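Single-letter residue listing:
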Amino acid sequence: MTKLCALHEAVTRFISDGNLIYASGFTHLIPFAAGHEIIRQGFKDLVLARATPDLIYDQMVAAGCARKIIFSYMGNPGVGSLRRMRAAIEGGKLDWEEYSHFSMISRLQAGASGLPFMPMNPTGAQDLAEQNPNYRQLQDPYTGADVVVVPPLIPDVAIVHVQRADVNGNAHVWGILGEQRLAAFASQHVILTAEEIVDEAVIRSDPNRTLIPGMVVDAVCHVPFCAHPSYTQGYHDRDNEFYLAWDEISKTEESVQDYLDEWVYGISDRAAYWEKLGPKVHQRLQAGERLSEPVNYGDY
Amino acid sequence: MEAINYNQQELMVVNAARLLKDHDTVFVGVGIPNLACNLAMRTHAPNLQMIYEAGVIGAQPSRLPLSIGDPSLVTGSTSVCSMYDIFTLYLQRGNVDVGFLGGAQIDQFGNINATVIGDYQNPKVRLPGSGGSMEIAAWANRCYIITPHQKRRFPARVDFHTSIGFLTGGNARTSTGVRGGGPQAVVTNLGILKPDENGELVLAAIHPGVNFEDAQANTGWALKKSADCQPTSPPDREELRILREELDPGRIYI
C-alpha cells in the first residue's frame with residue numbers, strides 16, 4: 001500500500017500539540033520544509049529534540065511552537081549563536097534538557113535498539129550530569145569500572161529527509177548520515193520526505209544504500225529542496241548566505257516575525273518557497289556532478 | 001633579512017600546525033583547526049588523516065568547509081559513517097590521536113567551559129554547549145586548543161566543566177579513568193601554554209616580540225614559565241604562502 005501523501009497531510013495526521021518531535025539530520029538533510037509546515041499549522045507545546053537545533057528549531061521556537069528543547073550543541077553552525085533560542089532560555093521562557101553529542105545519540109541508539117539504556121565510558125566532566133538526572137552511573141558488572149548510562153529517547157514523531165525513496169518508504173541516503181537511521185528506528189511514527197520518489201526497482205538495485213526500511217515509515221512525502229537552507233548531498237549545496245543572513249534576521253523578534261510572515265505563513269508549500277528563492281539562488285546552490293563507481297551485486 | 005609580516009590568526013594556525021605529526025588521525029573542527037590540519041598536510045605531515053564529528057573520515061575538501069557538515073567534506077573522502085559510529089568505533093575505541101577543542105573559558109588546569117557564564121539554571125550568557133567536546137577531551141590521545149589570549153578567556157577556574165583538562169591537577173584526571181592524555185598545548189596569539197607535571201598550564205613558548213608580562217597580564221592566574229620556555233620561530237614564507245594562496249584565499253579565517 002502506498003504511503004505517499006502531501007507533507008501537510010502527514011503533519012496533520014501524525015503530529016499533535018505536546019508531541020516530542022525529532023527532526024533529524026546533522027547539518028545535512030535537515031527537513032526545513034516540515035518545520036515550516038508545523039509552524040503554519042500552529043502546533044504548540046512541542047518538545048523539540050535535535051543534536052544541533054540549527055535554524056529549523058530557532059525558527060520553530062520563535063514561532064511559539066515549543067515548550068522545551070533537547071539538544072547537545074545549540075549554535076548556528078559555522079556562524080555563531082542561535083539567537084531566538086538563546087534569548088528564550090536566558091529569559092526563562094523555554095525549558096531545556098542538555099547532553100553531549102555522544103550521550104544524545106546514545107539515547108537514540110537505546111531507543112532504536114529497544115534497550116533500557118546505553119552505556120558509555122566516563123568523561124570526567126560531572127557538571128552536566130549534576131544538572132541532568134538522565135545521566136546515571138553504574139558499575140560494569142565484569143570489571144567494576146564506572147559506566148555512564150542514559151535512557152532511551154523515543155520521540156513521538158521523527159521527520160527524516162532522504163535523497164530517494166519508494167512509495168513504501170524504503171529510503172536511500174548518502175553523504176553525512178548523522179542520526180537519521182537511529183531517529184527513524186527510535187520513534188513511534190516516521191514522516192519521510194524525499195527529493196525523489198523512485199520505483200521500488202531502483203531501491204532494490206542498491207540495497208546496501210537503504211538506511212531506512214519502509215517498515216518503520218508511516219508517510220512518504222515528495223518534497224524536493226526540503227532541506228534548504230541546509231543541503232542535500234548531490235542535489236543542492238548548503239546556502240551559507242542564508243545562515244549568515246539569519247544571524248541578522250534573528251537579532252530582533254520583529255525581523256523574525258517579518259521573515260516568518262514572508263517565507264512561512266505567506267507561502268503554501270516548499271515548491272512555492274523554492275520558486276520564490278529564484279533562479280539566482282538555484283544557480284548558486286547547484287551541486288555539480290561526481291558519480292560513484294557502480295558495484296556489481298551479481299546476477300544470482 | 002627582510003621581515004615577514006603576518007597576523008595573529010596566521011601565527012596561531014602555523015604554531016598549531018607544527019604540533020601535528022605525520023600519520024596523526026585528527027578529530028577536527030572548521031575554521032582555524034581545519035586550516036592548521038591542512039597546513040600540516042601540505043608541509044611536514046602529508047599522511048595526516050582528518051576525521052569530522054559529522055562522521056567523515058579522510059576528508060579532502062576541495063574548498064574551505066564553512067560548517068562541520070559541509071558537503072565538500074564528503075565528496076572524495078575515504079569513508080562516511082553515522083554519528084554513533086564516529087563517537088564509538090573511532091573516538092571511544094581509541095582511534096583518534098588528536099582532538100581540537102575550543103570554548104569561552106579555559107582554566108589553569110586546561111578545563112573548558114563552552115556551556116554557560118553564570119548559573120546553569122539561570123544563565124547570564126548561554127553558550128552552545130558540549131557538542132562533541134566532552135568526549136573528545138576525555139578520549140583523544142592528545143588535545144590542542146587554539147584561542148586568543150585574553151584574561152576573560154583564561155580564568156583561574158571555569159564556571160562550568162563542559163570538558164575536562166586536568167581538573168584540579170595532580171592525579172585528578174587519571175583517577176577518573178578517562179583514556180586520553182588531555183590538553184597538551186594551548187596555542188594563543190602570545191605563545192603556547194603546556195601542562196606541567198602537575199597538569200597546570202604554564203608558558204612553554206613565547207611568540208616573537210611578546211614579553212612574559214604580556215602573557216601574565218592576559219591570564220587570570222599567577223602564570224608560571226617553564227624552565228625551557230623558548231621563543232617560537234615566526235611563520236615562514238612557505239607556510240604563509242600555503243595559507244594565503246591555497247587554503248584561505250578569501251581570508252575568511254585569516
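What you see is a predicted model, and the numbers here were worked out from it, not measured in a lab.

Rules behind the numbers
Residues numbered from 1 in each chain as written. Chains lettered and ligands numbered in written order. Predicted model: local features only at pLDDT ≥ 70, side-chain atom pairs only at ≥ 80, totals over all residues. Axes fitted to C-alpha atoms, helices over the stretch in contact; angles between N-to-C directions. Helix = DSSP H or I, 4+ residues; strand = E, 2+ residues; numbered from the N terminus. Left-handed = near helix turned anticlockwise from the far one by under 90°. Contact = placed C-beta atoms within 7 Å. Nonpolar A, V, L, I, M, F, W, Y, C, P; charged D, E, K, R; others polar. Buried ≥ 20, exposed ≤ 12 C-beta atoms within 10 Å, placed from the backbone. Pairing = 2+ DSSP bridges.

1. So, the packing of helix α2 (residues 32-42) of chain B against helix α7 (residues 237-247) of chain B
Residue and element names in this part refer to chain B.
Consideration 1: Contact geometry for α2 and α7: axes closest at 10 Å, N-to-C directions at 115°. Here α2 and α7 pass one another in a crossing that is right-handed. Together, Leu 35, Asn 38, Leu 39 and Arg 42 of α2 and Glu 239, Ile 242, Leu 243, Glu 246 and Leu 247 of α7 make up the contact between the two elements.
Consideration 2: Each residue belonging to the contact of α2 with α7 can be placed in one class, and the counts come to five nonpolar, one polar and three charged.

2. Looking at the interface of chain B and chain A
Consideration 1: Taken together, the contact between chain B and chain A spans 41 residues of the former and 43 residues of the latter.
Consideration 2: Of all the secondary-structure elements, those providing two or more residues to the side of chain B that touches chain A are α3 (71-74), α4 (83-92), β9 (123-126) and α5 (133-139) of chain B.
Consideration 3: A per-element tally of the side of chain B that touches chain A places α4 of chain B first, with four residues.
Consideration 4: Partitioning the side of chain B that touches chain A into residue classes produces 21 nonpolar, 15 polar and five charged.

3. Details of unusual backbone geometry
Consideration 1: A cis amide bond links His 228 of chain A to the next residue, Pro 229 of chain A, at an omega of 10°.
Consideration 2: Inspection of the secondary structure puts Pro 229 of chain A in the loop between β14 (219-222) and α9 (240-249).
Consideration 3: Of note in the backbone geometry, Asp 54 of chain A takes a positive phi value of approximately 60° without being a glycine.
Consideration 4: Residue placement: Asp 54 of chain A occurs in helix α3 (residues 54-62).
Consideration 5: Look at Asp 54 of chain A and you get buried, because 30 C-beta atoms sit within 10 Å.
Consideration 6: The backbone of Arg 251 of chain B shows a phi angle near 55°, a positive value even though the residue is not glycine.
Consideration 7: Turning to its location among the elements, Arg 251 of chain B is positioned in the segment after α7.

4. Re the sheet that holds strand β3 (residues 56-57) of chain B
Backbone hydrogen bonds hold the strands of a sheet together, and the pairing may be parallel or antiparallel.
Residue and element names in this part refer to chain B.
Consideration 1: Here ten strands make up an open sheet; going across it, the order is β4-β3-β2-β1-β5-β10-β11-β12-β13-β14 and the pairing mixed. Every interior strand has two partners, whereas the edge strands, β4 (79-80) and β14 (225-231), have only one.
Consideration 2: Bridging between strand β11 (residues 183-187) and strand β12 (residues 191-195) involves two bridges; their strand directions are antiparallel. From the neighbouring strand, Val 187 faces β12, where its bridge partner is Ile 192.

5. Side note on the sheet that holds strand β7 (residues 118-120) of chain A
Residue and element names in this part refer to chain A.
Consideration 1: A sheet is described by the order of its strands in space; here three strands give the open sequence β7-β9-β8, paired in antiparallel fashion. Strand pairing shows two members of the sheet lacking a second neighbour, β7 and β8 (136-139), which therefore form its edges. Strand-to-strand twist of the sheet, defined as the mean angle between neighbouring strand axes without regard to direction, takes the value 40°.
Consideration 2: Pairing of β7 with strand β9 (residues 146-150), which is carried by three bridges, proceeds in the antiparallel orientation. Paired with Pro 119 across the strands is Val 149, a residue of β9.
Consideration 3: Its contacts with the sheet put helix α5 (residues 101-113) on β7 and β9, and the angle it makes with β7 is roughly 150°.

6. Quick look at the environment of Val 295 of chain A
Consideration 1: One can find Val 295 of chain A in the segment after α12 (279-284).
Consideration 2: Each C-alpha atom of the pair Val 295 of chain A and Phe 26 of chain A lies 27 Å from the other, and the pair is 269 residues apart in sequence.

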